[in-house]
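A look at the structure
Here is how the chains run, residue by residue.
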Amino acid sequence: MTLPTLLINTEPARWLPALRAAAPEMQFRPQAEIGDAADVDAILTWKVDPALIDALPNLRLLYAVGAGVDYLVDLARTRPQLQIARVVDDAVTGDVATLAVAGTLQWFRDLPAYAGQKQNELWHPLPVRSTADTTIGILGLGRIGRAIARAFQALGFRVCGWSRSIHRMEGVSTYTGSEGLHAMLPQAQVLVCALPLTAETEGIISAQVLGCLPPKSFFVNVGRGLHVDEVALQAALDSGRLAGAFLDVFAEEPLAPGHSFWLDARVQITPHVASRTRPSRVAPQIIDNLLRLRTGQPLLNLVRPEAGY
Ligand code: NDP
């Protein structure tokens, strides 16, 4: 059997050693050493230039190195011979959930305010917010959204979640559709976005959606920057609808100098660091899928281009 060839289109110095260690007999090529383009069966990538895809006549698989595939689905829609798979790793899921919880808790327990007090040697207790009185609303109940839900549940928060199809999760109130979203939003003192970016979810955090939240609520985004109407988010902060926000992702990255989010003390920012896939953890699943590709078996962790995620 001829083994498939994988072109490494992203960070070859990180990916090649892990892949070669896991499958020394397989062909892994950094893009700089592409060789005969007709050999390439699959690309391991984050974002890929459409011109490269068109230059690979036998390409059948785009392999996303992260959970988000928004950069790839449009490419596959117009090229029906291409499948998209993504790496799936509980460590990534846990890392994103950790940041969503950390971002929420620092606000929830007034840690920035106490850090300011410490600088001035002030001892000034603020009212204690209780987890039992606080509802977390999670947009997206996929691998990441469910991990976020479980983490908040374990701390005693009330948790509700919204997804495209209805999910059953013990102790979590679940919603679907536009009606479900509008039933969930008024309860969500903290709204966490863990959605994929699709035509349906782009701009979902709009003035209208933010206006449905309870006054002085908190917004967390670990999804994608383009989920958010950033002007509407700033307006919701300025009007007091939102008490604060924790943002890991932005419409434009890096966030532009002088952007209002840099200047607003109520906005906490991390530079798209919720997770980073570790090649050694996911190399075996990539290799398994390449072998499936070659032997005509169904691939694992496939993306549905028609759904966009
Ligand atoms: P999944 O595909 O496992 O889950 C996506 C969830 O979103 C599902 O529950 C799905 O519903 C729901 N959803 C999709 N479209 C809609 C819609 N139109 N209306 C309502 N719900 C919808 O993805 P993951 O949980 O693995 O990842 C989610 C996203 O997190 C990624 O796409 C990426 O954008 C982001 N991410 C960010 C990272 C960061 O560094 N900040 C790192 C990793 C991921 P259903 O269950 O019904 O299909």
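Summary of the structure given here.

**Considerations on the side chain of D248**
Structurally, the position occupied by D248 is in the loop between β11 (242-247) and α10 (260-263). The side chain of D248 sits in the buried core without any salt bridge; R224 is the nearest counter-charge, 7.1 Å away. For D248, the residues in contact, after removing those within four places along its chain, are L99, N221, V222, E253, T270, P271, H272, V273 and A274.

**Things to note about the site of the ligand**
Looking at the ligand, there are 28 residues lining it, with R86, I144, S165, H167 and Y309 nearest. Contact between the ligand and R164: a nitrogen atom at 3.0 Å from a main-chain N or O atom of the residue. The contact in question runs from a nitrogen atom of the ligand to an N or O atom on the backbone of V222, over 3.2 Å. In the complex, the protein chains occlude 92% of the 940 Å² of accessible area that the ligand would expose alone. Listing elements by their share of the shell around the ligand, those giving two or more residues are α6 (143-154) and β7 (158-163). Looking at the shell around the ligand, its residues break down into 12 nonpolar, 10 polar and six charged.

**Overview of the sheet that holds strand β12 (residues 267-269)**
On the basis of which strands lie adjacent, the open sheet formed by seven strands has the order β8-β7-β6-β9-β10-β11-β12 and parallel pairing. Of all the strands in the sheet, the pair left with one neighbour each is β8 (172-176) and β12. Strand-to-strand twist of the sheet, defined as the mean angle between neighbouring strand axes without regard to direction, takes the value 15°. Bridge count for strand β6 (residues 135-139) against strand β9 (residues 190-193) is four bridges, and the pairing is parallel. Its bridge partner lying in β9, G137 is registered against L191.

Conventions we followed
- Residues numbered from 1 in each chain as written.
- Predicted model: local features only at pLDDT ≥ 70, side-chain atom pairs only at ≥ 80, totals over all residues.
- Heavy atoms only, no water.
- Helix = DSSP H or I, 4+ residues; strand = E, 2+ residues; numbered from the N terminus.
- Buried < 20%, exposed > 50% of the residue type's maximum accessible area, 1.4 Å probe, protein only.
- Lys, Arg positive; Asp, Glu negative; His and termini not counted.
- Salt bridge = Lys/Arg side-chain N within 4 Å of Asp/Glu carboxyl O.
- Contact = heavy atoms within 4.5 Å.
- Near = heavy atom within 4 Å.
- Polar contact = N/O pair within 3.5 Å; in protein donor to acceptor, adjacent residues only side chain to side chain.
- Areas by Shrake-Rupley, 256 points an atom, 1.4 Å probe, with all protein chains shown as cover.
- Nonpolar A, V, L, I, M, F, W, Y, C, P; charged D, E, K, R; others polar.
- Pairing = 2+ DSSP bridges.
- Axes fitted to C-alpha atoms, helices over the stretch in contact; angles between N-to-C directions.

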